[in-house]
Amino acid sequence: LLQLGQHQWLAGLKTLLLNVSRAGTRDILIAFSPTEGPSRLNTTEKGKAGKIHLPREVFRSLSNQTVRVVVTVLNIQQFGMFKEVNQTAQVLDNTVVGVTVGESSISGLHDPVKLTFAHRELPQTVTPQCVFWDPSKGTPCSGQVWGWAQVLQQHSQPFPVPIAGRAGGWRSSGCVTRPRDNGTVCSCDHLTFFTLLLNQTLDVSTAKALMAVATAGCGVAMAFSIFTMAFCIFIRCRFRFEETVRINLGLHMNLVGSLFLLNLAFLLNSGLAGRTHPGTCRVLGGLTHYCLLCCFTWMALEGCQLYLLFVKVLGIYIPHYLGKLCLVGWGFPVLVVGVAGGIGSYGEYRIQTTDHQVIAHLCWITSKYLLVHYITNCGYFGLIFLFNMAVFGVVTQKSCSLQGTGAVQGYHKPWKVALGAAGLFCLLGATWALAFLTYGISSTPLLYLFTILNSLQGIFIFIWLVILYYPKTKETTGSLSYIIRHDKTITASQD
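- Going by an unreviewed UniProt entry, the chain carries the name AGRG3 protein and comes from Acrocephalus arundinaceus.
- What UniProt states about the chain under its Subcellular location (unreviewed entry) heading is, verbatim, "Membrane".

The structure is reproduced here in structure tokens:
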């Protein structure tokens, strides 16, 4: 099926020429590397080089019985080409791979061409992206010269490449990126020049700016956390609330306390990481993880409490209820951190750039045990977020329905309802969901938003509690309690 395999070499440019017969053609595998260029690969061969998988669909759609396959590996640094104006992303190994079959352009493949770009594990701040060169992108200058076309045509590469800076650019349409441990698989529905761009999502200047914002925000949040806890203690002692509201205030106080400890742990972490003993760093990493899990757990308990109040409004009595909640809120994270620490998950974690320049040091879960982070942090919070958002939807719907009955009109002003909803949204930890969106080439604005909102979460909770819980009328039991009690009355009358 494969006739005539030959190589042609030029400094920075290596090609493989294959004549392929359409009759009974199977999928073709080709290996490539920046140093050795392309070569034929048997299905049983394994190696660390990159791979190209050409599906049989590519050949069956052509009219000629025998077609020429040309695979070209170029070093763009030596040729000074394939560079966009103001390009910030780095090309992996400065290597571009060109694939052509026959003389015509091939696109719209149902079975995509797969290129595997081999590389070692990328830093967490780097996002790989599969792209191809589009000569039509950008605004070409008048008198554009296809200078490299002659060079490539001499090596049997049939289509032209524009001179750098004249026109063209990278596009990702039609290509799907699938990162793996030791490489990235690019699945594309057409043939052209491909490469893997390494997008730096967090550079040194951005990291320093984020650390400055987070440090300032944590300091302010700690101050307001103290104000909030003092306010909760004051109104619990100063006013006579019913038991439901007292439990709610106790829950809020524990959540704010966990936020205070998390901010304190972060400040200690950012100040001591990189200059402490490894054993101290492991302890500090475990402490930071514990405080984070406590915050998540108390957010979950806030959601559970709202569910019991608004859905299970009748016949709920649990002795020593707040004490049992404290046992869960502060005790469950101890078990998780104990197991994670037992397997050696904590230590120094370095945030690096593509050239392995260290941006920041943290005492956290090490890169070797990132699965622990994905399970205990991302997975755990993901479940809590879904549950709390469902509870938030129920609470919002029930509050709106009570507003519609006219039962609470006059007590609930529109701005107060909106503030209550925003407070609940923050109380249930919705702002932490931004962490799931901070992956990718456009994540820098979201990183700033995530850092600012979560640093100020304590301030939002303080303002919400002061406005909604501090008695200003004869109805001194709090807005939440009023809605719950009225809901009990409606439910009882319906029964």
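Back to the text.
**A look at the overall build of the chain**
Move 1: Across its full length, the chain holds 12 helices and 16 strands.
Move 2: Expressed as a percentage of its 495 residues, the buried residues of the chain come to 47%.
Move 3: Pairs at least 24 apart in sequence give 76% of the contacts found in the chain among residues at least 6 apart.
Move 4: Per element, the accessible surface of the chain, about 24,000 Å² overall, is 60% carbon and sulfur.

**Looking at a nonpolar patch on the surface**
Move 1: Taken together, the side chains of L261, L264, L268 and L272 define a hydrophobic patch exposed on the protein surface, amounting to about 280 Å² of accessible area.
Move 2: Along the polypeptide, L261 turns up in helix α5 (residues 243–272).
Move 3: On the basis of relative accessible area, L261 is assigned to the partly exposed category, the value being 33%.

**Details of the UniProt feature "transmembrane region" (unreviewed entry) in the chain**
Move 1: UniProt records the feature "transmembrane region" (unreviewed entry) for residues 209–235, 247–267, 287–310, 322–343, 374–396, 417–441 and 447–470 in the present numbering.
Move 2: Overall, residues 209–235 shows 100% helix and 0% strand. The separation of its end C-alpha atoms is 39 Å.
Move 3: With 100% helix and 0% strand, the stretch residues 247–267 has end C-alpha atoms that lie 31 Å from each other.

**Regarding the state of the cysteines**
Move 1: Considering all chains together, one arrives at three disulfides under this definition.
Move 2: Note that C130 is cross-linked by a disulfide to C186, the S-S spacing being 1.9 Å. An S-S torsion of about -80° defines the bridge between C130 and C186 as left-handed. Of the two residues, C130 sits in strand β10 (residues 126–134) while C186 sits in strand β13 (residues 183–188), which places them 56 residues apart along the sequence.
Move 3: Shown here is the disulfide that connects C281 with C363, its sulfur atoms set 2.2 Å apart. Taking the torsion about the S-S bond as the criterion, the C281 to C363 disulfide, at about -115°, is left-handed. In this pair, C281 sits in helix α6 (residues 278–310) while C363 sits in strand β16 (residues 358–365), placing the two residues 82 residues apart along the sequence.

**Here we look at the sheet that holds strand β12 (residues 175–180)**
Move 1: Strand order in the open sheet formed by six strands is β4-β3-β5-β9-β13-β12, with antiparallel pairing between adjacent strands. Two strands bound the open sheet, and with one partner strand each, they are β4 (37–40) and β12. Adjacent strand axes in the sheet meet at a mean angle of 20° when their direction is disregarded.
Move 2: As defined by bridge partners, strand β3 (residues 28–33) adjoins β4 across four bridges and the pair is classed as antiparallel. Opposite S33, over in β4, you have G37 as the bridge partner.

The rules we used
- Residues numbered from 1 in each chain as written.
- Predicted model: local features only at pLDDT ≥ 70, side-chain atom pairs only at ≥ 80, totals over all residues.
- Heavy atoms only, no water.
- UniProt positions renumbered as here; feature names shortened; annotations may be inferred.
- Helix = DSSP H or I, 4+ residues; strand = E, 2+ residues; numbered from the N terminus.
- Buried < 20%, exposed > 50% of the residue type's maximum accessible area, 1.4 Å probe, protein only.
- Contact = heavy atoms within 4.5 Å.
- Areas by Shrake-Rupley, 256 points an atom, 1.4 Å probe, with all protein chains shown as cover.
- Patch = residues over 30% accessible without salt bridge, like charges linked within 9 Å, V, L, I, M, F, W, Y side chains within 5 Å.
- Salt bridge = Lys/Arg side-chain N within 4 Å of Asp/Glu carboxyl O.
- Disulfide = S-S within 2.5 Å.
- Pairing = 2+ DSSP bridges.
- Axes fitted to C-alpha atoms, helices over the stretch in contact; angles between N-to-C directions.

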